[in-house]
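The chain contents come next:
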Amino acid sequence: EDQVTQSPEALRLQEGESSSLNCSYTVSGLRGLFWYRQDPGKGPEFLFTLYSAGEEKEKERLKATLTKKESFLHITAPKPEDSATYLCAVQGGGAQKLVFGQGTRLTINP
Amino acid sequence: NAGVTQTPKFQVLKTGQSMTLQCAQDMNHEYMSWYRQDPGMGLRLIHYSVGAGITDQGEVPNGYNVSRSTTEDFPLRLLSAAPSQTSVYFCASSYSRWDRGFGEQFFGPGTRLTVL
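Before going into details, it helps to say that this report is about the structure given with it. Treat the numbers as computed from the prediction; the structure is a model and nothing was measured.

**Some remarks on the overall build of chain B**
Now for step 1: In terms of helices and strands, chain B carries 0 helices and 13 strands.
Now for step 2: For chain B, the α and β elements follow one another from N to C terminus as β-β-β-β-β-β-β-β-β-β-β-β-β.
Now for step 3: In terms of overall dimensions, chain B is globule-like: its C-alpha atoms have a radius of gyration of 14 Å, near the 13 Å expected for 116 residues.
Now for step 4: Taken along the three principal axes of its C-alpha coordinates, chain B extends 45 × 25 × 25 Å.

Here it is, written out as structure tokens:
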């Protein structure tokens, strides 16, 4: 059974203080690992898809990386507007569905 | 494009009542899905559809029915509401690439359901 575990559950940073969020997964034949951002009261918003170990993608202050067991979402010099819940999800080989982690609630203090 | 739309935004039901949550997308996506989101449990898949006329169960399908008569619409029916179905419900759609799986999923704004 595909599983996704995100850590930490919550993270509070000062503006400009860089850090990383972790997504550990077990899946039979990874077809894709997805990162989403969710603001309070809204639906998740797509950030990145990673397909194979070693792949990296960047968008503004965010950089996602992938190994065979986990993915990291690195946030560099964050701003208060980066505060949100970040969700990780995987699609396993042959599966026509995504399995989501519980999310990491990120708060950036000015 | 409106993207993925959901109605209603809020709903209060009494135990035993039935209702349908509406979901529509205008992006011609083959794949559509319903999730529920509860505190501390992330998003859990209820039902999904890979195309018109094709549906399948997700992780938590009990108490819910779906149908997909058109590409655009994917309604979720609560047959006899229970307090355990109090949650936020999200509909999502994406294209499907059989060689690489899904593309990005586009989510609707959600329906907040309370069952008394």
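**Brief notes about the environment of N28 of chain B**
Now for step 1: Structurally, N28 of chain B is set in the loop between β3 (19-25) and β4 (31-38).
Now for step 2: Measuring from C-alpha to C-alpha, the distance between N28 of chain B and S93 of chain B comes to 9.1 Å, with 65 residues separating the pair along the chain.

**Thoughts on the interface of chain A and chain B**
Now for step 1: Facing 18 residues of chain A, the contacting portion of chain B comprises 23 residues.
Now for step 2: Approximately 1800 Å² of surface area, both sides summed, lies buried where chain A meets chain B, with 54% of it carried by carbon and sulfur atoms.
Now for step 3: Looking only at chain A, the three residues that lose the most surface to chain B are R31, Y51 and Q96 of chain A, adding up to 32% of its buried area.
Now for step 4: Seen at the junction of chain A and chain B, the total is 0 salt bridges.
Now for step 5: Along the contact surface separating chain A from chain B lie 2 residue pairs in polar contact (both at pLDDT 80 or more).
Now for step 6: Of all the elements in the fold, those that place two or more residues in the side of chain A that touches chain B are β4 (30-38) and β9 (84-92) of chain A.
Now for step 7: Broken down by element, the side of chain A that touches chain B gets its largest block of residues, 4 residues, from β4 of chain A.
Now for step 8: Residues belonging to the side of chain A that touches chain B are distributed by class as follows: 8 nonpolar, 7 polar and 3 charged.

**Considering the state of the cysteines**
A covalent bond between the sulfur atoms of two cysteines is what we call a disulfide.
Now for step 1: Enumeration over the complete set of coordinates arrives at 2 disulfides over all chains.
Now for step 2: Sulfur-sulfur distance for the disulfide between C23 of chain A and C88 of chain A comes to 1.9 Å. As the torsion about the S-S bond is roughly -65°, the C23 of chain A-C88 of chain A disulfide counts as left-handed. Placement of the pair is C23 of chain A in strand β3 (residues 19-26) and C88 of chain A in strand β9, with a sequence separation of 65 residues.
Now for step 3: Under the relative-accessibility criterion, C23 of chain A is labelled buried at 0%.
Now for step 4: Paired by a disulfide, C23 of chain B and C91 of chain B hold their sulfur atoms 1.8 Å apart. Because the torsion about its S-S bond is -70°, the bridge between C23 of chain B and C91 of chain B counts as left-handed. Of this pair, C23 of chain B sits in strand β3 while C91 of chain B sits in strand β9 (residues 87-94), and the two are 68 residues apart along the sequence.

**Overview of the nonpolar core**
Now for step 1: Formed by 22 residues in total, the largest nonpolar core has its most connected members in L33, W35, F48, L62, L73, Y86 and L106 of chain A.
Now for step 2: Among the elements of the structure, β2 (10-14), β3, β4, β5 (45-50), β7 (62-66), β8 (70-75), β9 and β11 (104-109) of chain A are those that each provide at least two residues to this core.
Now for step 3: At 4 residues, the largest contribution of residues to this core is made by β9 of chain A.
Now for step 4: Contacts of F48 of chain A, omitting those with residues within four sequence positions, involve L33, F34, W35, K57, E58, K59, L62, A64 and L73 of chain A.
Now for step 5: Residues V4, M19, C23 and V115 of chain B belong to the second largest nonpolar core, which totals 18 residues.

**Let's talk about the pairing of strand β5 (residues 42-51) of chain B**
All names here are of chain B.
Now for step 1: By the criterion of burial, β5 is predominantly enclosed, with 10 of the 10 residues buried.
Now for step 2: Two strands pair when backbone bridges link them, and β4 and β5 are joined in this way by 7 bridges, in the antiparallel orientation. Of the residues in β5, the one forming a bridge with Q37 is L43.
Now for step 3: The hairpin formed by β4 and β5 contains 3 residues between the paired strands, and G40 there has a positive phi angle of roughly 75°.
Now for step 4: Relative to strand β6 (residues 54-57), β5 is paired through 3 bridges, and the arrangement is antiparallel. Of the residues in β6, the one forming a bridge with G51 is I54.
Now for step 5: The hairpin formed by β5 and β6 contains 2 residues between the paired strands, and G53 there has a positive phi angle of roughly 85°.

Thresholds, definitions, all that
Residues numbered from 1 in each chain as written. Chains lettered and ligands numbered in written order. Predicted model: local features only at pLDDT ≥ 70, side-chain atom pairs only at ≥ 80, totals over all residues. Heavy atoms only, no water. Helix = DSSP H or I, 4+ residues; strand = E, 2+ residues; numbered from the N terminus. Rg over C-alpha atoms; globule rule 2.2 N^0.38 Å. Contact = heavy atoms within 4.5 Å. Buried area = accessible area lost by both parts, 1.4 Å probe. Salt bridge = Lys/Arg side-chain N within 4 Å of Asp/Glu carboxyl O. Polar contact = N/O pair within 3.5 Å; in protein donor to acceptor, adjacent residues only side chain to side chain. Nonpolar A, V, L, I, M, F, W, Y, C, P; charged D, E, K, R; others polar. Disulfide = S-S within 2.5 Å. Buried < 20%, exposed > 50% of the residue type's maximum accessible area, 1.4 Å probe, protein only. Core = buried A, V, L, I, M, F, W, Y, C linked by side-chain atoms within 4.5 Å. Pairing = 2+ DSSP bridges.

Function-wise, these values are silent; they only describe arrangement.
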